[in-house]
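Structure assessment
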Amino acid sequence: MNYTQPPMGLIAELTHRCPLQCAYCSNPIALDPPLGELTTADWMRVLDQAAALGILQVHFSGGEPMARADLVQLVAHASSAGLYTNIITSGVLLSDAAMSDLLHARIDHIQLSFQDALLAEGDRFGGYRGGHARKLEAARRIREAGLPLTANFVVHRQNVGRVEAMIALGEALQAERIEIAHVQYYGWALLNRSALLPSREQLEATNKVVTTARTRLAGRIAIDYVVPDYYAARPKACMGGWGKRFINISPSGKALPCHAAETLTDLAFPSVRDMSLKDIWTDSEAFRRFRGTEWMPAPCRSCDRREIDWGGCRCQALALAGDATATDPACAQSPDHALMAEAVAAAVDAPLDLVPRRMRRVADA
Amino acid sequence: MIGESRVPRFRRGVRFRYDQIRRAWVLLAPEKLYMPDEVAVEILKLVDGERSIALIADDLASRFDAPRELIVRDTAAALEDLSLRGALEL
């Protein structure tokens, strides 16, 4: 099947380096080493190809994208190519000078992550002393620069009781958007799942808090809310469908349909060092493998939601059911759906210890 | 329905532009992207932070064959929807 529909977004994972060590990071356990990262010239070529292919927005991500010395240069290059530029950052490196340089490079938007509403807890989950205070400074700089701000809060069993305070913090920081995102269980987060999965009661309480806040803030602050798959009856449309909207480029240049796709070791992912984005998008086996509906097993193939959720998440099917071509276990129609309830049950009395995300893998936990 | 004296404006970080590759207007917002339909495109082209909903509807009524009352209602509804999504201020 050959898609002529161009992709919408490019996720540029500039580096896996990050000063923070969040145990719920969805980066792969095997992080790309700094020496293998794409060069500035490589990224500029990719950005030009992205604009030519019809990509509209570029999301500079990581790791911590501000750990790359050439971030400002890349933002300027993307802006000149007509791309809408977004940075997804922890904010701890966003100094006055960096803010000013990014403004000159015509950055469109910054998403700033928080680990908690409370300073001590935020620093603990981020594994970075002084990090929360720096984030508050970063938020102030973003607002003073006149840029829109998204405050992102990742929530899990150990901080989910403070969602109301997180929303209040987002309001106080004058965010345009607030994201309350339950942890998605890939990479490091999957490794730490038992210490992070909320209970059903916690999830339902959070749903209520978010619904109330949405009504109160309607028209002023938009709240995006992402729930965990583990209590769902239907899977999420992962990345809006495989090879349908996004191209994710890893720090070393692998082109991936989603940022966790390298766990699908049966697929050979093309590198932007060897292939153009256009050829990757239209011709590569990796992007065609789960595109559309033809690859689907029963019961997805005949499901009336097949073009709504696009079969859910392939990485989750592999990680939980052991088969990337299986129905996403998040779906109640999946023969493996009981795995979700088992994971929830296993988390109930599990210890809260977390394995921090680090570049050199610690001994298997 | 919101009043027709309201003045819509794009929020910070929102760009409404023509995409040569898709040959379509696109609305780019923080981590959101909308492909407005033909009616919404005509409305959004008139959003400049100065014109009220009433003035936008007047302009549309002079060019399209529909009762002004209906145009006001459709315009207000489309703009309110985008305001709730965070793309516009009203």
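Residues numbered from 1 in each chain as written. Chains lettered and ligands numbered in written order. Predicted model: local features only at pLDDT ≥ 70, side-chain atom pairs only at ≥ 80, totals over all residues. Heavy atoms only, no water.

What follows is about the overall build of chain B. Looking only at helices and strands, one finds three helices and five strands in chain B. For chain B, the succession of helices and strands along the chain, N to C, is β-β-β-β-α-α-α-β. By the compact-globule yardstick of 12 Å for 90 residues, chain B fits well, its C-alpha radius of gyration being 13 Å. Its C-alpha atoms put chain B at 35 × 25 × 20 Å along the principal axes. Here chain B holds 90 residues, and 44% of them are scored as buried. (Helix = DSSP H or I, 4+ residues; strand = E, 2+ residues; numbered from the N terminus. Rg over C-alpha atoms; globule rule 2.2 N^0.38 Å. Buried < 20%, exposed > 50% of the residue type's maximum accessible area, 1.4 Å probe, protein only.)

The next thing to look at is the packing of aromatic side chains. Enumeration according to the criterion identifies eight aromatic pairs over all chains in this entry. Measuring from centroid to centroid gives 5.4 Å for Tyr185(A) and Tyr230(A), while their planes differ by 90°, and the two rings are edge-to-face. With Tyr185(A) in the loop between β6 (177-182) and α7 (187-191) and Tyr230(A) in the loop between β7 (222-226) and β8 (246-249), this pair connects stretches of sequence that are 45 residues apart. Pair check on accessibility: Tyr185(A) and Tyr230(A) agree, each one buried. Geometrically, the ring pair formed by Phe10(B) and Phe16(B) is stacked, given 6.0 Å between the ring centres and 25° between the ring planes. A residue is classified by how much of its surface remains accessible, and Phe10(B), at 24% relative accessible area, is partly exposed. Cluster of aromatic residues (ring-pair linked, three or more members): Phe10(B), Phe16(B), Tyr18(B) and Trp25(B). Above the ring of Trp281(A), the side-chain terminus of Arg291(A) is found at 4.7 Å from the ring centroid. (Phe/Tyr/Trp six-rings, centres within 6.5 Å; stacked < 30°, edge-to-face > 60°. Lys NZ or Arg CZ within 6 Å of the ring centre and 35° of its normal.)

Residues of chain B with pLDDT of at least 70 account for 100%, and the chain-wide mean is 94. Reported confidence for the predicted complex is 0.89 by ipTM and 0.94 by pTM. (pLDDT = per-residue confidence, 0-100.)

Right, let's talk about the interface of chain B and chain A for a bit. Of the residues lining the interface, 19 residues belong to chain B; the matching set on chain A comes to 31 residues. In this assembly, chain B packs against chain A so that about 2,000 Å² is buried in total across both faces, 49% of it on carbon and sulfur atoms. Considering only the side of chain B, the residues that lose the most area to chain A are Arg12(B), Arg22(B) and Glu31(B), jointly responsible for 33% of the buried surface there. Counting across the interface, chain B meets chain A through three salt bridges. Close ionic contact of Arg15(B) with Asp108(A) constitutes a salt bridge, the shortest N to O distance being 2.8 Å. The interface formed by chain B and chain A holds 12 residue pairs in polar contact (both at pLDDT 80 or more) in total. Listed by contribution, the elements that provide at least two residues to the side of chain B that touches chain A are β2 (15-19), β3 (24-29), β4 (32-34) and α3 (68-84) of chain B. Taken together, the residues that form the side of chain B that touches chain A break down as eight nonpolar, two polar and nine charged. (Contact = heavy atoms within 4.5 Å. Buried area = accessible area lost by both parts, 1.4 Å probe. Salt bridge = Lys/Arg side-chain N within 4 Å of Asp/Glu carboxyl O. Polar contact = N/O pair within 3.5 Å; in protein donor to acceptor, adjacent residues only side chain to side chain. Nonpolar A, V, L, I, M, F, W, Y, C, P; charged D, E, K, R; others polar.)

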